[in-house]
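Commentary on secondary and tertiary structure
Each chain, letter by letter, is given below.
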Amino acid sequence: ALIAGAEGDMDRARKASARVRDLAGSTDLGHIISATAAEACGDQDEAIIHYTAMLDSPKTRPTAQRGLAQAKLAMGDLPGAVDAAREAFDQNVQARWAFDTLFNALVADFRWTEARDVLEKGRAARHVSGDIFNRRRAVLLSAEADYWMDCGQHDKALELSQAALKDASDFAPAVAMAAFELARTGGQKRAATLLEKAWKE
């Protein structure tokens, strides 16, 4: 079944998976093989059918959650990927795949504040080191600052870009936004100092 899936022969993969279910006497095993073969064929819809069926069994639920989250992420269904990964991460904060998938899906869906909350939990669970955590948080804060700048909420943009600089004082987008917002309100000297310091770093 797996070889047929890797070759892209879904019909043969389905037949072989059905034989697995019969020979092993295990519906769960059949679903796992079928889902894996479907993914190998690039048939995410078929994989989702089997992963969804696996949610009912406590033994296969974590595997099903992972499969669903990754399949939906591959299909561009970001809310679906977030839901599946969040459920798994809430149940087991030590599940590294759940942290990675949830974080990536939230970022891809421009959900900066939620991504920061997940990042905090990821650091507490030791999924990310201090340096990576600081850099990622600076990126998220800068992205959120950019959003508020576009909305005309300049005080919020300045607050967030300055917060980003506390994590990564040399992060160019945060420096540029903070300097722009400072200069806009007459703080040219502060803006210049900020730029010069970042340039040296």
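The structure under discussion appears in the preceding block.
Residues numbered from 1 in each chain as written. Predicted model: local features only at pLDDT ≥ 70, side-chain atom pairs only at ≥ 80, totals over all residues. Heavy atoms only, no water.

Further remarks concern the overall build of the chain. Tallying secondary structure elements over the chain gives 12 helices and 0 strands in all. When the elements of the chain are put in sequence order from the N terminus, they spell out α-α-α-α-α-α-α-α-α-α-α-α. Taking 17 Å as the expected radius of gyration for a compact globule of 201 residues, we find that the chain reaches 23 Å, considerably beyond that expectation. Based on the C-alpha atoms only, the size of the chain along its principal axes is roughly 75 × 30 × 30 Å. For the chain, buried positions account for 40% of its 201 residues. Long-range contacts, defined as pairs at least 24 residues apart, comprise 46% of the intrachain contacts of the chain with a sequence gap of at least 6. Within the structure as shown, the chain displays about 11,100 Å² of accessible surface, and the carbon and sulfur contribution to it stands at 52%. Across the chain, the centroid of the 26 positively charged side chains sits 5 Å from that of the 30 negatively charged ones. (Helix = DSSP H or I, 4+ residues; strand = E, 2+ residues; numbered from the N terminus. Rg over C-alpha atoms; globule rule 2.2 N^0.38 Å. Buried < 20%, exposed > 50% of the residue type's maximum accessible area, 1.4 Å probe, protein only. Contact = heavy atoms within 4.5 Å. Areas by Shrake-Rupley, 256 points an atom, 1.4 Å probe, with all protein chains shown as cover. Lys, Arg positive; Asp, Glu negative; His and termini not counted. Charge placed at Lys NZ, Arg CZ, Asp CG, Glu CD.)

Right, let's talk about the packing of aromatic side chains for a bit. Evaluation of the coordinates by the stated rule reveals 4 aromatic pairs. The interplanar angle of 45° and the centroid separation of 6.1 Å between the aromatic rings of phenylalanine 89 and phenylalanine 99 together place this pair among those described as tilted. Taken together, the residues span a long stretch of sequence, with phenylalanine 89 in helix 6 (residues 78-91) and phenylalanine 99 in helix 7 (residues 96-108) at a distance of 10 residues. Note on phenylalanine 110 and tryptophan 112: the rings are 5.8 Å apart at their centroids and 65° apart in plane angle, and the pair reads as edge-to-face. Every member of this aromatic cluster is reached through a ring pair, and the members are Phe89, Phe99 and Phe103. (Phe/Tyr/Trp six-rings, centres within 6.5 Å; stacked < 30°, edge-to-face > 60°.)

Within this structure, the stated rule accounts for 15 salt bridges. A salt bridge links arginine 12 to glutamate 7, with the nearest nitrogen and oxygen atoms 2.3 Å apart. Exposure remark for arginine 12: the relative accessible area of 39% places this residue in the partly exposed category. When its relative accessible area of 55% is taken as the criterion, glutamate 7 is described as exposed. The partner of glutamate 120 in a salt bridge is arginine 137, with the nearest N and O atoms 3.3 Å apart. Taken as a pair, glutamate 120 in helix 8 (residues 112-124) and arginine 137 in helix 9 (residues 130-150) lie far apart in primary sequence, 17 residues in all. In this structure glutamate 120 comes out as partly exposed when scored by relative accessible area, which is 32%. Classification of arginine 137 as partly exposed rests on a relative accessible area of 22%. One network of salt bridges, with partners in common, ties together Arg86, Asp109, Arg111 and Glu114. (Salt bridge = Lys/Arg side-chain N within 4 Å of Asp/Glu carboxyl O.)

We now examine the nonpolar core. Grouped together as the largest cluster of nonpolar side chains are 36 residues, with contacts concentrated most on Phe99, Leu102, Phe103, Val118 and Leu119. Mapped by element, the contributors of at least two residues to this core are helix 2 (10-24), helix 3 (27-41), helix 4 (44-54), helix 5 (61-75), helix 6, helix 7, helix 8 and helix 9. The biggest single contributor to this core is helix 7, with 7 residues. Residues in contact with phenylalanine 103, not counting those within four places in the same chain, are Ala115, Val118, Leu119, Arg136 and Leu140. Met149, Ala164, Ala191 and Ala198 belong to the second largest nonpolar core, which has 19 residues in total. (Core = buried A, V, L, I, M, F, W, Y, C linked by side-chain atoms within 4.5 Å.)

The values reported here are purely geometric and, on their own, carry no functional implication.
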